[in-house]
Structures are given as structure tokens and as C-alpha cells.
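Chains, contacts and geometry: an overview
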Amino acid sequence: MKFPDRLKQLRTQYNISQKQLAQILSMNIRSMSKYETEYMEPTLSVLLALADYFDVSLDYLVGRTDNPNSHKN
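A few points on the structure. Bear in mind that the values here come from a model prediction, so they are computed numbers and not experimental data.

Each value, and the rule that gives it
Residues numbered from 1 in each chain as written. Predicted model: local features only at pLDDT ≥ 70, side-chain atom pairs only at ≥ 80, totals over all residues. Heavy atoms only, no water. Salt bridge = Lys/Arg side-chain N within 4 Å of Asp/Glu carboxyl O. Helix = DSSP H or I, 4+ residues; strand = E, 2+ residues; numbered from the N terminus. Buried < 20%, exposed > 50% of the residue type's maximum accessible area, 1.4 Å probe, protein only. Axes fitted to C-alpha atoms, helices over the stretch in contact; angles between N-to-C directions. Left-handed = near helix turned anticlockwise from the far one by under 90°. Contact = heavy atoms within 4.5 Å. Nonpolar A, V, L, I, M, F, W, Y, C, P; charged D, E, K, R; others polar.

1. Overview of the pattern of salt bridges
All told, the structure shown has four salt bridges when counted by the stated rule. For the salt bridge of Glu 38 with Lys 2, the shortest nitrogen-to-oxygen distance reads 3.5 Å. Here Lys 2 lies in the segment before helix H1 (3–13) and Glu 38 lies in the loop between helix H3 (29–36) and helix H4 (44–54), a separation of 36 residues in the sequence. Judged by its relative accessible area of 48%, Lys 2 is partly exposed. Put simply, Asp 66 and Arg 6 hold a salt bridge, and the shortest N to O gap is 3.2 Å. Residue Asp 66 is located in the segment after helix H5 (58–61), and its partner Arg 6 is located in helix H1; the two are separated by 60 residues in the primary sequence.

What follows is the structure, encoded as C-alpha cells:
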């Protein structure tokens, strides 16, 4: 699964809108939308903030593993 798909999956799983997530992370709503449409790639600091917010590993967030808890070993 690619990052944009994973981000949308997590966001809908947590029942949170793009606007709400952007506000929580002090981001622009347009940037959040561009991440989900693969128009723009997030910076490392954004990836870390997203992984922390959803309590998942970076590998899970970017689609390198299907185990969201791989960071909890």
C-alpha cells in the first residue's frame, strides 16, 4: 500500500477529516489533500508527526510493512 492510501485509511479509521488532521498538525489543508492525492510528498518532519499521531511506525505509514506496531518491539 502506498503512503497516500495508508494516510487516507488511517484518517478514516480514526474518523478524522483532512481539515481536522491538518489543524492538529498545524498544517495547511491543501498540503494534506496533496499528500492523499500523491501530488506532493511529505517532509520527514511531517511523516514523523503523522506516525506519532496515529501511533504507527514509519514503515507502516509509508507502506513498507503491514504491521502498524513494528515500532513497538
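2. A few points about the packing of H1 against H4
Where H1 contacts H4, the axes come no closer than 11 Å and their chain directions differ by 35 degrees. Where H1 crosses over H4, the two elements pack in a sense that is left-handed. Taking contact as the criterion, the partners of Phe 3, Leu 7, Leu 10 and Arg 11 in H1 are, on H4, Leu 47, Leu 50 and Phe 54. Across the contact of H1 with H4, the residue classes tally to six nonpolar, no polar and one charged.

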